[in-house]
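# Results of the structural survey
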Amino acid sequence: MKFHDPRVLSLLNASAVTAGYIILFFFSSWILYPASLEGFAMYGMLFVTGGLLFAGTYFFFRYTVDKFIYSRIRLIYKSIYSIKTQKTDRKGIRSNRNILDNVEQEVTDWGEEKQKEIERLKQLEEYRKDFIGNVSHELKTPLFNVQGYVSTLLEGGLDDPSINKEYLRRTEVSVERLIKIVEDLGEIAQLESGQMYLNKVRFDIVAVTHEVVEMLEMKAHEKEIQVLINQPDKTMWVHADRDKIRQVLTNIIDNSIRYGLDQNGRTKISFFDMDENILVEVTDNGIGIDQDDLPRVFERFYRTPRGREVSGKGKGLGLAIVKHIIEAHQQTINVRSTVGVGTTFGFTLRKA
Ligand SMILES: Nc1ncnc2c1ncn2[C@@H]1O[C@H](COP(=O)(O)OP(=O)(O)O)[C@@H](O)[C@H]1O
Ligand SMILES: [Mg+2]
């Protein structure tokens, strides 16, 4: 039995009052008018007045309790509701007949929602800690290098022609790397704050791919990797931010070269017409990505163990940037890969 239910509460109250009345009735009729009412008349009167009293008390309590509870619960309900609707616009305030049940349901739902939010925030907090750890680690290596070279030069190396120029050159490389990290971080921060301004224009994605491939030609040549464009003479018009998509292609093709085979490496870029969109796929026959690592390659600073082995230079920011750009275009990017066979990155762009 639910004692907090206004109906049960009113029933109990009405019973108590009626029982009191019956006792009082017998008591008073016995003391005051010992012989005035007897038998059927007395019980008839008791039955009628007792019944009326019971019903009256019941409805009176019911009404006042309801009014009292509702007036308070409604406030709570309203404030829960208004807090919730700040984020999502749902249902609308329900009729107040089942307000108690509703409040119970709303509070349970709300609690669950909050619990999930707490979990998510905890995860973000973990992620943030990881991120800061990673940033300082990334910055340390080139900084220590610079410090090392500069001290050696100051401690006499400057006059030693066999190392002075070389150490200065290496210092420059490290400083360049620092600048690149800081630039990428700035870009990531900007992307993550959701302030990406897209300058969407109509352009030929195949032509942009040619430009990117040309730019990476030297690098591909050094690793003896062949970069091919499927149907290179075709024109495919898309509607997107040209510079940003150029960066997407650069990052993905650069990876296919960097993590490609040392011999007989091959990168192929293909385009598929898919109704509303164009699908761009970059396929390589490189080292591949383990299934466990696949969902993580788009995270900032994430590098696969094999990736680290093959190339010491990466920072793990390229694909994070790529993903942000594609998502800002409200398009999708995915990756599939088999270790030892190769990797395919595919993303879509709006046709123009
Ligand atoms: N084509 C690819 N083949 C194999 N591994 C890849 C490929 N592209 C990316 N990866 C893995 O994903 C990681 C993240 O890539 P990215 O964000 O571009 O960072 P970076 O190249 O600077 O390490 C790389 O470190 C590498 O481990
Ligand atoms: Mg990369």
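None of these values were measured; they are calculated from a predicted model.

Criteria and cut-off values
- Residues numbered from 1 in each chain as written.
- Chains lettered and ligands numbered in written order.
- Predicted model: local features only at pLDDT ≥ 70, side-chain atom pairs only at ≥ 80, totals over all residues.
- Heavy atoms only, no water.
- Core = buried A, V, L, I, M, F, W, Y, C linked by side-chain atoms within 4.5 Å.
- Buried < 20%, exposed > 50% of the residue type's maximum accessible area, 1.4 Å probe, protein only.
- Domains from an automatic or database assignment.
- Contact = heavy atoms within 4.5 Å.
- Helix = DSSP H or I, 4+ residues; strand = E, 2+ residues; numbered from the N terminus.
- Lys, Arg positive; Asp, Glu negative; His and termini not counted.
- Salt bridge = Lys/Arg side-chain N within 4 Å of Asp/Glu carboxyl O.
- Polar contact = N/O pair within 3.5 Å; in protein donor to acceptor, adjacent residues only side chain to side chain.
- Pairing = 2+ DSSP bridges.
- Axes fitted to C-alpha atoms, helices over the stretch in contact; angles between N-to-C directions.
- Patch = residues over 30% accessible without salt bridge, like charges linked within 9 Å, V, L, I, M, F, W, Y side chains within 5 Å.
- Areas by Shrake-Rupley, 256 points an atom, 1.4 Å probe, with all protein chains shown as cover.
- Near = heavy atom within 4 Å.
- Nonpolar A, V, L, I, M, F, W, Y, C, P; charged D, E, K, R; others polar.
- Left-handed = near helix turned anticlockwise from the far one by under 90°.

## Topic: the nonpolar core
Formed by 49 residues in total, the largest nonpolar core has its most connected members in I205, I252, I253, F271 and F347. Composition of this core by domain shows at least three residues from each of domain 2 (122–192) and domain 3 (200–350). Ignoring any residue separated from it by four or fewer positions in sequence, one finds F347 in contact with V248, L249, I252, I278, L279, V280, I326, T332 and I333.

## Side note on the side chain of D204
Of note, D204 is situated in strand β1 (residues 200–204). For the buried D204, no salt bridge exists, and the shortest N-O distance to an oppositely charged side chain is 8.1 Å, to R242. A polar contact is formed between the side chain of D204 and the backbone nitrogen of V206, at a distance of 3.1 Å. In contact with D204, other than residues within four places in its own chain, are K234, T235, M236 and W237.

## Section: the environment of T171
Along the polypeptide, T171 turns up in helix α4 (residues 164–192). Residue classification places T171 among the buried positions, given a relative accessible area of 10%. Separated by 25 residues in sequence, T171 and V146 have C-alpha atoms that sit 5.2 Å apart.

## Points about the sheet that holds strand β6 (residues 333–338)
Strand order across the open sheet formed by five strands is β2-β4-β5-β7-β6, with mixed pairing between neighbours. Across the chains shown, the open sheet's two edge strands, defined by having one partner strand only, are β2 (225–229) and β6. Between one strand axis and the next, the sheet turns through 15 degrees on average, direction left out of account. When strand β5 (residues 277–284) meets strand β7 (residues 342–350), the two strands line up antiparallel, connected through eight bridges. Paired with V280 across the two strands is F347, which belongs to β7.

## A closer look at the pattern of salt bridges
Summed over the entire model, instances satisfying the criterion amount to 19 salt bridges. Here K129 ties to E126 by a salt bridge, and the two come within 3.8 Å at their closest N and O atoms. Here the residue K129 and the residue E126 both occupy positions in helix α3 (residues 99–154), the gap between them amounting to three residues, near one helical turn. The class for E126 is partly exposed, based on a relative accessible area of 46%. What you see here is one network of salt bridges that share partners, running through E166, R169 and R170.

## So, a nonpolar patch on the surface
The grouping of I22, F26 and Y43 at the surface amounts to a nonpolar patch, some 270 Å² of accessible area in total. By relative accessible area, I22 is classed as partly exposed at 31%.

## Focus on the site of ligand 1
Taken together, 20 residues are adjacent to ligand 1, and D284, R303, T304, K315 and L319 come closest. Interatomic distance of 2.8 Å between a side-chain N/O atom of N255 and an oxygen atom of ligand 1. Within the contact set of ligand 1, an oxygen atom lies 3.3 Å away from a backbone nitrogen or oxygen of G318. Within the complex, the protein chains bury 97% of what would otherwise be the 530 Å² of accessible surface of ligand 1. Looking at the shell around ligand 1, the elements with two or more residues in it are α7 (242–258), α9 (318–328) and β7. Classifying every residue of the shell around ligand 1 gives eight nonpolar, nine polar and three charged.

## A look at the packing of α7 against α9
It is the contact of α7 with α9, at a shortest axis distance of 9 Å, that shows an interaxial angle of 145 degrees. As α7 packs across α9, the resulting crossing turns out to be left-handed. Contacts from K244, I245, Q247, V248, N251, I252 and N255 in α7 reach G318, L319, I321, V322, I325 and I326 in α9. Tallied by class, the residues present in the contact of α7 with α9 amount to eight nonpolar, four polar and one charged.

All quantities given are derived from atomic positions and should not be read as evidence of function.
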